[in-house]
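Report on the structure
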Amino acid sequence: MLHLLFKRKSSIAYDIKRLVHLKCDTILSGRKFSSIGEPTSPTDQNTSATAVAATVSGQPEENKKKKKRKKQRTIHVDPFSLPLPPSAFTSYQGQDQFRFSVTHQSTRSSARVCKIETPHGTITTPGYVPVATNAALKAVDTTVADSLGVELMFCNTYHLMLHPGSETVEQAGGLHSFMSRRRDRPLITDSGGFQAFSLAYGTVHQELHSSLKRKSSPSSEKRTRDGNLVLKISEEGITFRSYRDGTPMLLSPESSISAQKSLAADIILPLDELPPYHISEDILAASVARSHRWEARSLLHHIKEPREQACYGIIHGGSSTELRKASSRYISSLPFDGFAVGGSLGKTSEELFEIMQNVMGWLPRDRPVHVLGIADPINITRLATLGCDTFDSCHATRVGRHGAMLTEIGNLRVAAGDHKSAHRTPVDNCSCPTCTTYSLAYLHHLVKANEPIAATLLSVHNIYFMVEMMKKLHFAILNNEV
């Protein structure tokens, strides 16, 4: 078994930009580096991948017959090792059960109207994707969301692996049967990596928006009080304790894909690493390299048994232009069915737009592009002009639970005192079930009285608002107005 150990000597000046350029130039050639300037052959690289896969799967073959279980050895890998080369995969051919087509390309921008055909129905883009973390939208029934026009819904593998367990969902016939999702409405699941790394670092949102240091943040306090739930992050994957019962679990590229096969969503995502926003560029480069190795392993495991599922590759690189470019080039060279842009996407809308503008310029236009975790009204409209297709976020339901309704002129704070006697339609010209049934004064009363139904009524409006906003954006692109 091949062991690669990365040793960085303090006496050597480490030029990260030189390394990034060096690896960008060789990323499609099949070479990799065990240390700076020392290329190894593709054969060695494949051997390394085989060794990693063997370790993840369990004990070596010759030890399986022994009664006494030996301690699993740790694979040491150069953190900048390149992943499997594109030559290790067949070229992208597309799938019969998953088709992507451009209906209209705007003449005013890169915005486009597309169709994504899946085994459970068609997605029209640009499309809003609400997040059903535990196979349920917060405070909104799935059948209600279907009636509002939600085409694609996002579920989180990490939470579903812990409860009820991917095997339980598989026994029910997959997520569509388990959550009574309409058979003509598709689902997408993530790898579980985002939630697992959030246990270790907290979310990027917490990092950027908390006025306190991370060590004193509520999430960090919980991790300190209960013990860090993440036990180890290694080349094999992420070893963590279940937040439900403390059971140790390994989330590897292979186990993540296997879990998503059991969940049976239409679109699945490979395991990736999500580092904190504030890290040095060399650590970020190592993180991107690991994400690429994990994504390649995920893809290999997926194509062994596709099960009529599409797999999107994830573009990483944080705010680094060089790393985003290298990630875009490598991931787009693999036979993924589409692309998702993830990781830290900046701390302002301007930084987000600049990152996405660069990434969209590097990605091919023959496959769909999903933006992870960004789906607020302002950013969706701007990103759609770049050619982004789908957007997921829990923003709509979150602001609903906090007493706000989305409108074309900003958020309406229902609990504001001047709404106490507002016996009128909450949002003018809105045809959602909430606005056509209840007055703003009544919603104000429910929020102030902390009635649980308030979160439902406001979230229903917000989901409807987002769906209708996407329809308007769709027609604006068809008319070349965007």
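See above for the structure.
Residues numbered from 1 in each chain as written. Predicted model: local features only at pLDDT ≥ 70, side-chain atom pairs only at ≥ 80, totals over all residues. Heavy atoms only, no water.

Helices and strands together make up the secondary structure of the protein chain, namely 17 helices and 18 strands. Here the protein chain holds 482 residues, and 54% of them are scored as buried. Across the protein chain, contacts joining residues at least 24 apart in sequence account for 68% of those joining residues at least 6 apart. A total of about 21,800 Å² of accessible surface is found on the protein chain, and carbon and sulfur atoms cover 52% of it. (Helix = DSSP H or I, 4+ residues; strand = E, 2+ residues; numbered from the N terminus. Buried < 20%, exposed > 50% of the residue type's maximum accessible area, 1.4 Å probe, protein only. Contact = heavy atoms within 4.5 Å. Areas by Shrake-Rupley, 256 points an atom, 1.4 Å probe, with all protein chains shown as cover.)

It is worth spelling out unusual backbone geometry at this point. In this structure, the amide linkage connecting T125 to the following residue, P126, adopts the cis form with an omega of 0°. Relative to the elements of secondary structure, P126 occurs in the loop between strand 5 (121-125) and strand 6 (127-132). At the junction of H163 and P164, the peptide bond is cis and its omega measures out at 5° in the coordinates. Positionally, P164 belongs in the loop between helix 4 (157-162) and helix 5 (166-171). Of note, the phi angle at A135 is positive, near 65°, even though the residue is not glycine. For A135, a relative accessible area of 8% puts it in the buried group. Its identity as a non-glycine residue notwithstanding, N429 has a phi of 60°, on the positive side. Mapped onto the elements of the fold, N429 is located in the loop between strand 18 (410-413) and helix 16 (440-448).

The next point concerns the nonpolar core. If you look at the biggest cluster of nonpolar residues, it comprises 47 residues, and the most contacted ones within it are L345, M356, V371, I380, L383, F391 and M466. Per element, the largest residue contribution to this core is seven residues, and it comes from helix 17 (residues 452-478). With near-sequence residues (within four places) excluded, F391 lies in contact with P126, G127, Y128, V129, H370, V371, I374, A375, I380, L383, A384 and M470. Grouped together as the second largest cluster of nonpolar side chains are 35 residues, L412, A422, V460 and Y464 included. (Core = buried A, V, L, I, M, F, W, Y, C linked by side-chain atoms within 4.5 Å.)

Okay, the pattern of salt bridges next. Summed over the entire model, instances satisfying the criterion amount to 13 salt bridges. In this structure, the salt-bridge partner of D389 is R112, at a minimum N-O distance of 2.7 Å. Of the two residues, D389 sits in the loop between helix 14 (377-384) and strand 16 (390-393) while R112 sits in strand 4 (residues 112-118), which places them 277 residues apart along the sequence. The pair formed by D389 and R112 is uniform in burial state, with each residue classed as buried. A salt bridge links R307 to E170; the nearest nitrogen and oxygen atoms lie 3.6 Å apart. (Salt bridge = Lys/Arg side-chain N within 4 Å of Asp/Glu carboxyl O.)

Here we come to the packing of helix 16 against helix 17. Remark: helix 16 packs on helix 17, axes separated minimally by 7 Å, with the N-to-C direction vectors making an angle of 135°. Accordingly, the angle class assigned to the pair helix 16 and helix 17 is oblique. Crossing of helix 16 over helix 17 shows left-handed handedness. Between helix 16, through L443, L446 and V447, and helix 17, the contact on the second element is made entirely by I453, A454, L457 and L458. For the contact of helix 16 with helix 17, the class distribution of residues is seven nonpolar, no polar and no charged. (Axes fitted to C-alpha atoms, helices over the stretch in contact; angles between N-to-C directions. Parallel < 35°, antiparallel > 145°, perpendicular 65-115°, else oblique. Left-handed = near helix turned anticlockwise from the far one by under 90°. Nonpolar A, V, L, I, M, F, W, Y, C, P; charged D, E, K, R; others polar.)

For the rest of this paragraph, the subject is the packing of aromatic side chains. Going through the model one piece at a time under the given rule, you end up with five aromatic pairs. A centroid spacing of 5.2 Å and a plane angle of 40° characterise the contact between Y158 and F240, whose relative ring orientation is tilted. Of this pair, Y158 sits in helix 4 while F240 sits in strand 10 (residues 238-241); the two residues are 82 residues apart in sequence, bridging distant segments of the chain. This pair shows no difference in class: Y158 is buried, exactly as F240 is. Directly above the aromatic system of Y92 lies the positively charged group of R367, at a separation of 4.4 Å from the ring centroid. For the cation-ring pair, R382 lies above F353, with the distance from its terminal atom to the ring centre recorded as 4.1 Å. (Phe/Tyr/Trp six-rings, centres within 6.5 Å; stacked < 30°, edge-to-face > 60°. Lys NZ or Arg CZ within 6 Å of the ring centre and 35° of its normal.)

Glancing now at the environment of E254. In this structure, E254 sits in helix 10 (residues 253-263). In this structure E254 comes out as buried when scored by relative accessible area, which is 15%. For the pair formed by E254 and L300, sequence separation is 46 residues and the distance between their alpha carbons is 8.7 Å. In this structure the side chain of E254 is engaged in a polar contact, spanning 2.9 Å, whose partner is the side chain of R297. (Polar contact = N/O pair within 3.5 Å; in protein donor to acceptor, adjacent residues only side chain to side chain.)

Let us look at the pairing of strand 18. In the sheet, strand 17 (residues 404-407) pairs with strand 18 via four bridges, with the strands oriented antiparallel. The residue bridging T407 from the neighbouring strand is G410, located in strand 18. Linking two consecutive strands that pair antiparallel, namely strand 17 and strand 18, is a turn of two residues. (Pairing = 2+ DSSP bridges.)

Take the packing of helix 11 (residues 281-304) against helix 12 (residues 321-332) next. Between helix 11 and helix 12, the shortest axis-to-axis distance is 11 Å and the interhelical angle comes to 10°. Of the possible angle classes, the one that applies to helix 11 and helix 12 is roughly parallel. Here E281, L284, A285, V288, H292, E295 and A296 of helix 11 lie close against helix 12, whose contacting residues are E322, L323, A326, S327, Y330 and I331. Its residues placed into classes, the contact of helix 11 with helix 12 shows eight nonpolar, two polar and three charged.

Let us look at the environment of P275. Secondary-structure assignment places P275 in the loop between strand 12 (267-268) and helix 11. Using a relative accessible area of 10% as the deciding quantity, one classes P275 as buried. In sequence terms P275 and G318 are 43 residues apart; their C-alpha atoms lie 8.7 Å from each other.

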